[in-house]
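Secondary and tertiary structure notes
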Amino acid sequence: VSRERGEANLWGMQLTDQVRDLLQQAFPGGEVEVSSFSGSDHLSARVRSDRFGGKSLIEQHRLVYAPVQHLIDDGTIHALQIRTEAT
Amino acid sequence: MIVTDDQIREEILETIQRNRIMLFMKGTPDFPRCGFSARTVQCLDAAGAEYAAMDILPDPRIRQQLSAHSGWPTIPQLFIDGELVGGCDIITELYATGELHQKLGSPMPERKIPTLHISDKAAARIREYTQRSPGKELKLQIDARFQSSLGLAPRQEHEVEVEANGIHVLMDYSSAERADGVSIDLVESPTGAAFKIDNPNAPAEIQQLAPRDVKALLDQGRTFVFLDVRTPEERATASIPGTRLLDQAAAAEVEQLPKDTMLVFHCHHGGRSQAAAEHFRGRGFTNVNNMAGGIDAWSRDVDASVPRY
């Protein structure tokens, strides 16, 4: 299914905002950056939070996946690149 | 034969138990079907890992059952000693710090110390920044696509440290591998002075060719390898004369070609072919091209007799 370029961009912007909101709710007081790369459904998230303290990388990434899991499961997000940093 | 969900689940669990290092991916290590799987394979290969791999693409239930077991939503997934270690981002990060070698039981990598060149102007500007940010050090990062960035951040473990023109630069292990001979300069631009990072190790960029340009090359009789990255089913629906399906046999043959052979990739809309192009660029090919817009744009702009789907 092909999507018109203008529509894809608009949709991508909304998705980026949606994911940023979800992550900000999940990491109150943390720093959240979300951007898209190579297409609107490929997202990159950078999260700095004190919730990561003392946790392994995989536990940290699971914490980031949890609030957006439903968007990955239904295919809205095709790829989510994650970078975490404990504060 | 009908395979049940339970059988797929059992096969997954069994293969995780049987293989100490087990990778679930899209495609195969020789021919990854996704950029994230490709990068993970590169890290494992570079760390000298002996590993088994399973392609999740042939049946969507493999991915469903795998994710149900691991609680991890994306592909690839790497298991060591039966435990999920992570996906592409985590493996890339573990590789960069050397921890992947430890987990795999590979000998720790020798830290090659790259040589950097920093111009006087750039050094002066960097000094201004570092003096204003106590506790932070200059970091140079070069990713797998050879995109470079400079930043200030606290020192971390396992970093490679280099001195150039009186400036200390810290790099993770992967960046250091790609950094030998890099020069950093400060250049004036319309928006102010900016750092310019030149990397002699960066392979040539992937060129985006419009379908009309590809057609012109064909008409001029230019020789190049024109590869179709789609599935055999899509190819049966519509194909471009002169192309070859990039299946595993074709991928193995292409690997053997001289590295300056011109390669052109296409798929339906240009996304999968870009991933394939990046894979072969990563393997050292220097003339790698992606047909922008894929066969869909070809039907629209070059040959309307090729059906759109």
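Residues numbered from 1 in each chain as written. Chains lettered and ligands numbered in written order. Predicted model: local features only at pLDDT ≥ 70, side-chain atom pairs only at ≥ 80, totals over all residues. Heavy atoms only, no water.

1. Points about the overall build of chain A
Counting secondary structure elements, chain A contains 3 helices and 3 strands. Order of helices (α) and strands (β) in chain A, N terminus to C terminus: α-β-β-α-α-β. For chain A, with 87 residues in total, the buried portion stands at 39%. For chain A, long-range pairs separated by at least 24 residues make up 56% of all intrachain contacts whose partners lie at least 6 apart in sequence. (Helix = DSSP H or I, 4+ residues; strand = E, 2+ residues; numbered from the N terminus. Buried < 20%, exposed > 50% of the residue type's maximum accessible area, 1.4 Å probe, protein only. Contact = heavy atoms within 4.5 Å.)

2. Considering helix 6 (residues 120-132) of chain B
Residues and elements named next belong to chain B. Over its 13 residues, helix 6 extends 19 Å from the first C-alpha to the last, a length consistent with the 18 Å expected when each residue adds 1.5 Å. Within helix 6, burial applies to Ala122, Ala123 and Ile126. With its buried residues spanning 95 degrees around the axis, helix 6 presents them on a single face. Residues of helix 6 that are exposed and point over 90 degrees away from its buried face: Asp120, Lys121, Gln131 and Arg132. (Expected span 1.5 Å × (residues − 1). Arc of directions from axis to C-beta.)

3. Section: the nonpolar core
Val19, Leu23, Ile77 and Leu80 of chain A together with Phe24 and Leu100 of chain B are the most contacted members of the largest nonpolar core, which has 53 residues in total. With 5 residues, strand 1 (residues 21-25) of chain B is the single largest residue contributor to this core. In this structure valine 19 of chain A touches Val34, Leu43, Val68, Leu71 and Ile77 of chain A, once residues within four positions along its chain are discounted. Counting 20 residues, the second largest nonpolar core, distinct from the first, contains Ala122, Leu138, Ile142 and Val169 of chain B. (Core = buried A, V, L, I, M, F, W, Y, C linked by side-chain atoms within 4.5 Å.)

4. A closer look at the pairing of strand 3 (residues 77-80) of chain B
All names here are of chain B. A two-sided burial pattern is seen for strand 3, the buried positions comprising Gln77 and Phe79 on one face and Leu78 and Ile80 on the other. Examined bridge by bridge, strand 1 and strand 3 share 4 bridges and lie antiparallel to one another. Residue pairing in the sheet places isoleucine 21 in a bridge with isoleucine 80 of strand 3. The pairing of strand 3 with strand 4 (residues 83-86) spans 3 bridges and is classified as antiparallel. Of the residues in strand 4, the one forming a bridge with leucine 78 is glycine 86. Connecting the antiparallel pair strand 3 and strand 4 is a turn made up of 2 residues, with aspartate 81 showing a positive phi of about 50 degrees. (Pairing = 2+ DSSP bridges.)

5. Thoughts on the interface of chain A and chain B
Across the boundary between the two partners, chain A contributes 17 residues, which contact 17 residues of chain B. Around 1,500 Å² of area is buried between chain A and chain B when both sides are counted, 59% of it from carbon and sulfur atoms. Considering only the side of chain A, the residues that lose the most area to chain B are Leu57, Ile58 and Tyr65 of chain A, jointly responsible for 32% of the buried surface there. Where chain A meets chain B, there are 0 salt bridges. Linking chain A with chain B are 4 residue pairs in polar contact (both at pLDDT 80 or more), by the criterion used here. Every element with two or more residues in the side of chain A that touches chain B is listed here: helix 2 (57-65), helix 3 (69-73) and strand 3 (79-86) of chain A. Residues of the side of chain A that touches chain B, tallied by class, amount to 9 nonpolar, 6 polar and 2 charged. (Buried area = accessible area lost by both parts, 1.4 Å probe. Salt bridge = Lys/Arg side-chain N within 4 Å of Asp/Glu carboxyl O. Polar contact = N/O pair within 3.5 Å; in protein donor to acceptor, adjacent residues only side chain to side chain. Nonpolar A, V, L, I, M, F, W, Y, C, P; charged D, E, K, R; others polar.)

6. Let's talk about the sheet that holds strand 10 (residues 183-189) of chain B
Residues and elements named next belong to chain B. If you trace the 3 strands from one edge of the open sheet to the other, you get 5-10-11, paired in mixed fashion. In the strand order of this sheet, the two ends are held by strand 5 (117-118) and strand 11 (192-198), each with one partner. Sheet topology note: the strand 5/strand 10 ladder contains 2 bridges and is parallel. Bridge pairing in strand 10 places isoleucine 118 opposite isoleucine 184.

7. Remarks on the packing of helix 8 (residues 211-219) of chain B against helix 12 (residues 294-301) of chain B
Residues and elements named next belong to chain B. Where helix 8 meets helix 12, the closest approach of the two axes is 9 Å, and the angle between their N-to-C directions is 75 degrees. In terms of their interaxial angle, helix 8 and helix 12 are classed as roughly perpendicular. On the side of helix 8, the interface is formed by Pro211, Arg212, Val214, Lys215 and Leu218, while helix 12 contributes Gly294, Ala297, Trp298 and Asp301. Broken down by class, the residue content of the contact of helix 8 with helix 12 amounts to 5 nonpolar, 1 polar and 3 charged. (Axes fitted to C-alpha atoms, helices over the stretch in contact; angles between N-to-C directions. Parallel < 35°, antiparallel > 145°, perpendicular 65-115°, else oblique.)

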